[in-house]
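Examining the three-dimensional arrangement
Next come the chains, spelled out residue by residue.
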Amino acid sequence: MSAVAQPGQPGATVGARSGPPDAQPGQSAPVAVPRGRRRTELIMLAFAVGVVLAAYAAAGLGLNGKVPSGLAGYGLAFAALVLAAHLMVRRLAPWADPLMLPLAALLNGLGIVMIWRLQQSGHGGNPGVPISTMTSSTTTFQIAWSAAGIAAFVAVLVVIRQPRTLQRYTYTFGAIGLVLLVLPALPGIGSEVNGARVWISIGGFSIQPGEFAKLALAVFFAGYLVSKREVLALAGRRVLGIDLPRARDLGPVLMAWAASLLVLFFETDIGTSALFFGLFLVMLYVATQRTSWLLIGGGLFLAGAVVAGKWIPHVHERFQIWLNPFLGNRPYGSAYQLVQGLYGMGFGGVLGTGLGHGQPYVTPLVQSDFIITAFGEELGLTGLMALLLIYGLIVQRGLRAAVAVRDPFSKLMACGLAFVLALQVFVIVGGVTRLIPLTGITTPFLSQGGSSLVASWMMMALLMRVSDTARRPAPQPIQDEGMTQVVRTG
Amino acid sequence: MNALTLTLIRLAFLAVLWLFVIAAVGVVRTDLFGHTLSARQQRRQQRQQQRAKPQRPPRPARASRGAPHQMVVTAGSLAGTTLQLSDQQITIGRANDATLVLTDDYASTRHARLFPQDGQWIVEDLGSTNGTYLDRQKVTHPTPVPTGVPIRIGKTVLELRR
């Protein structure tokens, strides 16, 4: 039985109220105060800008013994860009995680420096040969795209004030995601580059719609699974100690599988299809907490991959290159890129050749898919590990926000976004290091390419919005209720 | 430029990169375990609180005027949730179709509703077991809710804000 006690009446309080933490004298335990931590973010951002400028100076010194003349100009531009992002975060998401922005800014900056360094090779008396796939304005474009990415980051923060509002547009985002996925396969606007149809060109601009489809589908899966997860979690037959889902609930996972296989067949792009199917599986697993979904999905994916490896020539060739890159004439032919990347990383060793001292320009397309090997060569295993740890930290902060936020939709969305970032880094880094078959997808923030940069920044904005919602302290009551509390009397 | 300088630059850059990673991990650490205040900082914080306390005026019950725009949950398991008010009624309870779904043992399935009428919001108890309280008064008939006055439903406390 419960009753309501009036002020001053003694009684064991049941309804715990969260008030402001009272500082007791002599208390020495760590005090967890909810703080926005924007100052920490600013300090870390300054540090990130410092690291990027150091990389720029080191690359210039390595190339021709001179500190690059544009150091101050480019440095100021980059610092202004990230400072603008920081000030907008102060306004728009004051409680967001303090680490996401600095980590993303560092990766973006290091990517720009590496692209500049690659563009410089062979020009103006620098060692090496010019890279034929880069023009003299590649770096400028990358900086412009970074600015566009940060603008998109701010725009997402402005438009989406509550991550929950996205839930209303679940099926809209699903449709957008599907259209974006299908666009490159259409004959009119889709174009095939290096064996994969992942591009569309509109008025001279090339866009990789798959990068944005990732975000839209993460929102769609989150909204869909939040409403359907109770059904999907129902247990069917029990086989070998695992609760299998009911056969009639297999529909969605088969649909996602079929969609990713279609992408594989019509766009011959293993990376994108693996990314989407993996995203769906993990979100399904997180939503339903059933291991059987992972097993079923993993089995389906392996079956699809084996079939594709046998029947699709492009995929078959990729598998062969992966398994035996050094066989016969391959190191000079089809496996040239992969083998040169491996040699580059081997050449770098543990500590690397130093920025500007390696020969990353030998690897074809080193500025986009293989930028990781350029870092591996010039910064060595030590530098590559640091980069991977930075990705790991971004993913960890994303998952942390997912754990902390209350609303199940935001939870699933943040979890999916953080996971898809991790999966993308795994697929590309695993590909260039020959852990898994190589698929051409971009390295988030590092690779040359506007779509990838803008999409990655938008993903950061979504994660920061979720984290802002999660860390925002509960509103304090305007009027103190006094001692009115629920007590147990019997 | 000689080889030694170049080696030093190379190693220094790697060291700076790792320092950044370590600093980032440090930020994660303080986030997990809280911020340890030094003795001086603690004293300063106490002094600030002591100074702040007498200055804080007791807030009047109906300080905010004008039509409320949002409903905030200030206590209970949903604390921190905010709902934007529209011209739709808000149902509160443990039922799945309620606008605000409570997971509260002291709340009924359809506990109470809030609806707008003539520019003000009215709270009505829907025959709940444990009752709805508007600022310590049990709600027996539809009652207008002033801005900033707590409504208690089980362990959940909500209020309207401008």
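The structure under discussion appears in the preceding block.
These remarks concern the structure in this document.

**Side note on the overall build of chain B**
In terms of regular secondary structure, chain B is built from 2 helices and 11 strands. When the helices and strands of chain B are listed from N to C terminus, the series reads α-α-β-β-β-β-β-β-β-β-β-β-β. Contacts spanning at least 24 positions in sequence make up 37% of the contacts within chain B whose residues lie at least 6 apart. Within the structure as shown, chain B displays about 9,300 Å² of accessible surface, and the carbon and sulfur contribution to it stands at 51%.

**Details of the overall build of chain A**
Check the secondary structure of chain A and you find 14 helices and 7 strands. Here chain A holds 490 residues, and 52% of them are scored as buried. As displayed, chain A offers around 20,800 Å² of accessible surface, 66% of which is attributable to carbon and sulfur atoms.

**Section: empty space enclosed by the protein**
All names here are of chain A. Summed over all chains, the structure comprises 4 cavities of 30 Å³ or more. When its volume is computed, the largest cavity comes out at roughly 190 Å³. For the largest cavity, the lining is made up of 15 residues, of which V52, Y74, F78, I112 and I143 are closest to its centre. Sorting the residues of the lining of the largest cavity by element identifies α1 (38–64), α2 (71–92), α3 (100–120) and α4 (138–159) as the ones contributing at least two each. Counting residues per element, the lining of the largest cavity draws most heavily on α2, at 5 residues. Class assignment for the residues of the lining of the largest cavity results in 11 nonpolar, 4 polar and no charged.

**Observations concerning the sheet that holds strand β10 (residues 151–153) of chain B**
Within a beta sheet, neighbouring strands are joined by backbone hydrogen bonds and run either parallel or antiparallel to one another. Residue and element names in this part refer to chain B. As summarised here, the arrangement of the 6 strands in space is β2-β1-β11-β10-β7-β8, forming an open sheet in which the pairing is antiparallel. Two strands close off the open sheet at either side, each with one partner strand: β2 (82–84) and β8 (137–138). Judged from the 2 bridges that link them, strand β7 (residues 132–134) and β8 form a sheet pairing that is antiparallel. Of the residues in β8, the one forming a bridge with Y133 is K138.

**A word on the packing of helix α9 (residues 291–311) of chain A against helix α10 (residues 313–323) of chain A**
All names here are of chain A. Viewed as axis vectors pointing N to C, α9 and α10 meet at an angle of 100°, and their least axial separation amounts to 5 Å. Overall, the two elements α9 and α10 adopt an arrangement that is roughly perpendicular. When α9 is examined against α10, the residues A305, A308, G309, K310 and W311 are found in contact with a partner set consisting of P313, V315, H316 and F319. A per-class count over the contact of α9 with α10 returns 6 nonpolar, 2 polar and 1 charged.

**Regarding the pattern of salt bridges**
Residue and element names in this part refer to chain A. One pass over the full model with this rule turns up 9 salt bridges over all chains. Two residues, D97 and R471, come together in a salt bridge whose shortest N-O distance is 3.9 Å. Highlighted residues: D97 in the loop between α2 and α3 and R471 in helix α14 (residues 450–471), separated in sequence by 374 residues. The exposure class assigned to D97 is buried, which follows from its relative accessible area of 2%. Its relative accessible area of 22% is what places R471 among the partly exposed residues.

**Focus on the packing of aromatic side chains**
Per the counting criterion, the structure on display carries 12 aromatic pairs over all chains. Seen from their ring centres, F220 of chain A and F221 of chain A are 5.7 Å apart, and the 45° between their planes marks the pair as tilted. Given a relative accessible area of 8%, F221 of chain A falls into the buried group. Each ring, one from F319 of chain A and one from W322 of chain A, has its centre 6.2 Å from the other, and the planes form 85°; the classification is edge-to-face. In this pair, F319 of chain A and W322 of chain A both sit in helix α10, 3 residues apart, roughly one turn of the helix. The side chain of R113 of chain B reaches across the aromatic face of F115 of chain B, ending 4.2 Å from its centre.

**Here's the deal with the packing of helix α6 (residues 209–232) of chain A against helix α13 (residues 408–432) of chain A**
Residues and elements named next belong to chain A. The contact between α6 and α13 brings their axes to 9 Å, and the two run at 140°. Considering the angle they form, α6 stands oblique to α13. Where α6 crosses over α13, the two elements pack in a sense that is right-handed. Across the interface between the two elements, E211, K214, L215, A218, V219, A222, G223, L225, V226 and R229 of α6 pack against P408, F409, L412, M413, L417, V420 and Q424 of α13.

**What about the environment of T109 of chain B?**
Residue and element names in this part refer to chain B. By the secondary structure assignment, T109 is in the loop between β4 (100–101) and β5 (112–117). You can call T109 partly exposed: its relative accessible area is 46%. C-alpha of T109 to C-alpha of N96: the two residues are 13 residues apart in sequence and 8.6 Å apart in space. Setting aside residues up to four positions removed in sequence, T109 forms contacts with G93, R94 and A95.

**Some words on the sheet that holds strand β6 (residues 120–125) of chain B**
Residues and elements named next belong to chain B. Here we have 5 strands laid out as an open sheet, ordered β4-β3-β5-β6-β9, and mixed in their pairing. Strands at the two margins of the open sheet, each flanked by one partner only, are β4 and β9 (143–145). As paired strands, β6 and β9 are joined by 3 bridges and run antiparallel to one another. Paired with I122 across the two strands is P144, which belongs to β9.

**Remarks on the layout of surface pockets**
Put simply, the largest pocket is a space of about 1,600 Å³. At the level of elements, α2, α6, α13 and α14 of chain A together with β1 (70–75), β2 and β4 of chain B are the ones that each hand at least two residues to the lining of the largest pocket. Looking at which element gives the most residues to the lining of the largest pocket, the answer is α14 of chain A, with 4 residues.

**What to know about α2 of chain A**
All names here are of chain A. Here α2 is 22 residues long and its end C-alpha atoms lie 31 Å apart, about the 32 Å a rise of 1.5 Å per residue gives. Buried residues of α2: G75, F78, V82, A85, H86, V89 and L92, and no others. Seen end-on, α2 carries its buried residues on one side only, within an arc spanning 145°. Of the exposed residues in α2, the ones pointing more than 90 degrees away from its buried face are A72, L76 and R91.

**A short note on the environment of A98 of chain B**
Residue and element names in this part refer to chain B. Tracing the sequence through the fold places A98 in the loop between β3 (90–93) and β4. Classification of A98 as buried rests on a relative accessible area of 11%. With 13 residues separating them along the chain, A98 and H111 place their C-alpha atoms 9.4 Å apart.

**Comments concerning the pairing of β1 of chain B**
Where a strand is regular, its side chains alternate between the two sheet faces. All names here are of chain B. With 5 of its 6 residues buried, β1 lies for the most part within the structure. Of the pairings in the sheet, the one linking β1 to β2 comprises 3 bridges and is antiparallel in character. Residue M71 lies in a different strand from β2, and its bridge partner there is L83. What sits between β1 and β2 in their antiparallel hairpin is a turn of 6 residues, with G76 showing a positive phi close to 100°.

**Here's the deal with a nonpolar patch on the surface**
All names here are of chain A. A surface patch of nonpolar side chains, about 580 Å² in accessible area, is lined by L262, F265, F266, V307 and W311. Secondary structure elements with two or more residues in the nonpolar patch: α7 (251–267) and α9. Sorting elements by how many residues they give to the nonpolar patch places α7 first, with 3 residues. Counting through the fold element by element, W311 comes out in helix α9. Classification of W311 by relative accessible area gives exposed; the value is 68%.

What counts and how
Residues numbered from 1 in each chain as written. Chains lettered and ligands numbered in written order. Predicted model: local features only at pLDDT ≥ 70, side-chain atom pairs only at ≥ 80, totals over all residues. Heavy atoms only, no water. Helix = DSSP H or I, 4+ residues; strand = E, 2+ residues; numbered from the N terminus. Contact = heavy atoms within 4.5 Å. Areas by Shrake-Rupley, 256 points an atom, 1.4 Å probe, with all protein chains shown as cover. Buried < 20%, exposed > 50% of the residue type's maximum accessible area, 1.4 Å probe, protein only. 1 Å grid on protein atoms, 1.4 Å probe; cavity = no way out; pocket = protein on both sides within 12 Å on 5 of 7 lines; lining within 4 Å. Points joined across faces, edges and corners; volume = space filled by probe spheres on them. Nonpolar A, V, L, I, M, F, W, Y, C, P; charged D, E, K, R; others polar. Pairing = 2+ DSSP bridges. Axes fitted to C-alpha atoms, helices over the stretch in contact; angles between N-to-C directions. Parallel < 35°, antiparallel > 145°, perpendicular 65-115°, else oblique. Salt bridge = Lys/Arg side-chain N within 4 Å of Asp/Glu carboxyl O. Phe/Tyr/Trp six-rings, centres within 6.5 Å; stacked < 30°, edge-to-face > 60°. Lys NZ or Arg CZ within 6 Å of the ring centre and 35° of its normal. Left-handed = near helix turned anticlockwise from the far one by under 90°. Expected span 1.5 Å × (residues − 1). Arc of directions from axis to C-beta. Patch = residues over 30% accessible without salt bridge, like charges linked within 9 Å, V, L, I, M, F, W, Y side chains within 5 Å.

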